[in-house]
Amino acid sequence: MEEKLSQQSHTDLKAPVSQLSTNLQSTFKQRHSHFDQFFRELLDNAEQSLNSMFVRTYGMMYVQNAELFKNFFQALKRYYLSGSAAVNLDSMLSDFWADLLERMFRLVNVQYEFSDAYMECVIRHTEQLQPFGDVPRKLRLQLTRAFVAARTFTRGLALMPEVVNKVSTVSASPSCVRAAMKMLYCPYCSGQVALKPCQNYCLNVMRGCLANQADLDTEWNNFLDAMLGLADRLEGPFNFESVMDPIDVKISDAIMNMQENSMQVSQKVFQGCGQPKPSKAFRSRRSVKETGFTGRFRPYSPDARPTTAAGTSLDRLTTDVKKKLKHAKKFWSTLPDTVCAGERIAPGDECWNGTARSRYESVVIGNGLANQVSNPDVDVDITKPDIVIRSQIAALKEMTSWLKAAHSGNDISIDNDEDSSGGEESGSGCDSPSCETDPDIYFSTPPNPVKPKVNQVVDRSPSTDGARMSQGSMALALCGLALALLAPHLR
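Nothing here was measured: the structure is a model prediction, and the numbers come from that model.

The rules behind each value
Residues numbered from 1 in each chain as written. Predicted model: local features only at pLDDT ≥ 70, side-chain atom pairs only at ≥ 80, totals over all residues. Heavy atoms only, no water. Axes fitted to C-alpha atoms, helices over the stretch in contact; angles between N-to-C directions. Helix = DSSP H or I, 4+ residues; strand = E, 2+ residues; numbered from the N terminus. Parallel < 35°, antiparallel > 145°, perpendicular 65-115°, else oblique. Contact = heavy atoms within 4.5 Å. Nonpolar A, V, L, I, M, F, W, Y, C, P; charged D, E, K, R; others polar. 1 Å grid on protein atoms, 1.4 Å probe; cavity = no way out; pocket = protein on both sides within 12 Å on 5 of 7 lines; lining within 4 Å. Points joined across faces, edges and corners; volume = space filled by probe spheres on them. Salt bridge = Lys/Arg side-chain N within 4 Å of Asp/Glu carboxyl O. Buried < 20%, exposed > 50% of the residue type's maximum accessible area, 1.4 Å probe, protein only. Phe/Tyr/Trp six-rings, centres within 6.5 Å; stacked < 30°, edge-to-face > 60°. Lys NZ or Arg CZ within 6 Å of the ring centre and 35° of its normal. Patch = residues over 30% accessible without salt bridge, like charges linked within 9 Å, V, L, I, M, F, W, Y side chains within 5 Å. Areas by Shrake-Rupley, 256 points an atom, 1.4 Å probe, with all protein chains shown as cover. Disulfide = S-S within 2.5 Å. Core = buried A, V, L, I, M, F, W, Y, C linked by side-chain atoms within 4.5 Å. pLDDT = per-residue confidence, 0-100.

(A) Seen up close, the packing of helix α3 (residues 66-82) against helix α4 (residues 89-108). The geometry of α3 relative to α4 is characterised by a closest axis approach of 11 Å and an angle of 175° between their N-to-C directions. Viewed along their axes, α3 and α4 adopt a mutual orientation that is roughly antiparallel. Only Leu-89, Met-92, Leu-93, Phe-96, Asp-99, Leu-100 and Arg-103 of α4 make contact with α3, whose side of the interface consists of Glu-67, Leu-68, Phe-69, Phe-72, Ala-75, Leu-76 and Tyr-79. When grouped by side-chain class, the residues that make up the contact of α3 with α4 number 11 nonpolar, no polar and 3 charged.

Here you go:
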């Protein structure tokens, strides 16, 4: 009989905690799915929109070079999925603009032949020439911050149900089960089957049984605060939607800038890298206009563009998840209070106090393992913290550091399947509140423009270019010398 009551007590003890944990898991599994689906569809929509717009605008010129843009979006998707372990975002963007410059430079100067060495000279001096204007710099900052924030926030949402699930596997100790059996079924011995425990009695039993879980609360709340802080970034300066939705417009702006300044850019290149040889295949009777890159971009109509992905918008998703995150705070420390409420306890003094129907006189002890040394109803060994729960505390602490880095625009590799960079940060380096003081960084004209502080990630100064040129051929060195002499004009 006692064994059956013990088993029933274990079940009765676990049931309300499991129900609350399951509800929390379900809530954040859904939110993770919504955000992840939204970000993925937004990437797909952006790629489809660029492809459709560029086919209409540039025709065969785009079709012949479409793999460049396809590879660009594939790299963005890989970065979203796997982070810096799979894609170095800064290097990828540099390669994209260098490749685009090479293709466009050949197209606008189709009457000449360019060797690979000549094009290397051109690419090395992209920073000085700025053929695409300021678009590459701005887009790099936007993409880095938006992708780091989106990826890290999604991983944070995925971690929450994982933590809850692992904590829910922690079994009640034998002393806890004995205390629960005494609280729930000892009244049966005196025929008081309907008598329920006093609230404070119930609290002491549950706080003893859930002492390890309560120790999660500090790091859990720190994690939630970091999630809420990053959610604010997603609503504001690091808005993924406002970066990806008009990315076709931004890239086309860069292309237009190159077209409009192609003569000046070409002249500076010819002065610095030498006069190229005329193309043998080029027929003199055909003009550059007939042969070269002449596509012009037509500004998009906002009404013609999709305004949402996954049937929603980032603002709506973020507003909803912030409410859920706030509601989840102090979940672990309030579990005993949530369980010891309603029909599970008896109000007033007409309740079971552990020995009789009477007032419960003992003091209600605090939450957490350390406080259980004075628990009058449950024997708790405070020298042996639960290993599973300690590991989840560590996981929350680690994720909190990633969230804080993302809040500052930095990426810490958080890939679990591949070797990472040892926790090194990379990114734009934006420290609150200075992130919100540079409106020129953002194209998307938010209601309250913000102006982030930018720390350079990659040194692309002319002096670095000169160091690289010294390793090349004598001809390229002479080209570099000429460009160095012309540097004031190139700026």
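Next comes the rest of the description.
(B) Looking closely at the layout of surface pockets. Roughly 560 Å³ of internal volume is contained in the second largest pocket. In terms of lining, the second largest pocket is formed by 30 residues, of which the most central are Val-170, Ser-171, Ala-172, Ser-173 and Cys-209. Where the lining of the second largest pocket is concerned, the elements lending two or more residues are α1 (2-58), α7 (135-168), α8 (174-189), α9 (199-209) and α10 (211-214). It is α1 that contributes the most residues to the lining of the second largest pocket, 6 residues altogether. Taken together, the residues that form the lining of the second largest pocket break down as 14 nonpolar, 11 polar and 5 charged.

(C) Representation of the pattern of salt bridges within the structure. Across all of its chains, the model carries 16 salt bridges by this definition. With a closest N to O distance of 3.6 Å, Arg-207 and Asp-337 form a salt bridge. Taken together, the positions of Arg-207 in helix α9 and Asp-337 in helix α17 (residues 335-339) put the pair 130 residues apart, joining distant regions of the chain. Residue classification places Asp-337 among the partly exposed positions, given a relative accessible area of 33%. Look at the salt bridges and you will find they share partners, linking Asp-44, Glu-47 and Lys-77 into a network.

(D) Summary view of the packing of aromatic side chains. For the coordinates displayed, the defined rule picks out 25 aromatic pairs. Between the aromatic rings of Phe-39 and Phe-240, the centroid separation amounts to 4.8 Å while the plane-to-plane angle is 65°, which identifies the pairing as edge-to-face. Of this pair, Phe-39 sits in helix α1 while Phe-240 sits in helix α12 (residues 240-244); the two residues are 201 residues apart in sequence, bridging distant segments of the chain. Note on accessibility: Phe-39 and Phe-240 belong to one class, buried. With 5.5 Å between their ring centres and 50° between their planes, Tyr-62 and Phe-69 make a pair best called tilted. Residue Tyr-62 shares its accessibility class with Phe-69, and that shared class is buried. Cluster of aromatic residues (ring-pair linked, three or more members): Phe-54, Tyr-58, Tyr-62, Phe-69, Phe-72, Phe-73, Phe-96, Trp-97 and Phe-132. A cation over an aromatic ring shows up here: Arg-233 above the ring of Phe-238, its NZ or CZ 5.2 Å from the ring centre.

(E) Layout of the environment of Asp-379. Summarising the element assignment, Asp-379 is placed in the loop between α17 and α18 (387-407). In this structure Asp-379 comes out as exposed when scored by relative accessible area, which is 64%.

(F) Quick peek at a nonpolar patch on the surface. Residues Val-55, Met-60 and Val-63 make up a contiguous nonpolar surface patch of roughly 260 Å² in combined accessible area. Inspection of the secondary structure puts Val-55 in helix α1. Taking the relative accessible area as the measure of exposure, Val-55 reaches 38% and is therefore partly exposed.

(G) Fine view of the state of the cysteines. In total, this model carries 4 disulfides according to the counting rule given. In this model, Cys-198 is linked to Cys-351 through a disulfide, with the two sulfur atoms separated by 1.9 Å. Since a negative S-S torsion denotes a left-handed disulfide, the Cys-198-Cys-351 link at about 85° is right-handed. Here Cys-198, found in the loop between α8 and α9, pairs with Cys-351, found in the loop between α17 and α18; they are 153 residues apart in sequence, far enough to count as distant. For the residue pair Cys-198 and Cys-351, the accessibility class agrees, reading buried in each case.

(H) Up close: the nonpolar core. Residues Trp-220 and Met-244 are the most contacted members of the largest nonpolar core, which totals 119 residues. Contact partners of Met-244, with chain neighbours within four places excluded, come to Leu-42, Leu-43, Ala-46, Phe-73, Leu-76, Leu-143 and Phe-147.

(I) Up close: unusual backbone geometry. Of note, Gln-130 is a non-glycine position whose phi angle comes to about 45°, a positive value. Along the polypeptide, Gln-130 turns up in the loop between α6 (126-129) and α7. Note on Gln-130: relative accessible area 46%, which makes it partly exposed. Positive phi values are uncommon outside glycine, yet Lys-330 reaches one of about 60°. Along the chain, Lys-330 turns up in the loop between α16 (314-327) and α17.

(J) Layout of the confidence of the model for the protein. Chain-level pLDDT for the protein is 81 on average; 77% of the residues reach the 70-or-more range. Mean pLDDT across the secondary structure elements of the protein bottoms out at helix α20 (residues 474-485), with 36, and peaks at helix α11 (residues 217-235), with 97. The model gives residues 284-307 a pLDDT under 50, and that stretch makes 46 contacts with residues more than four places away or in other chains. A low-confidence stretch, residues 431-491 stays under pLDDT 50, and its non-local contacts, those more than four residues away or across chains, total 102 contacts.

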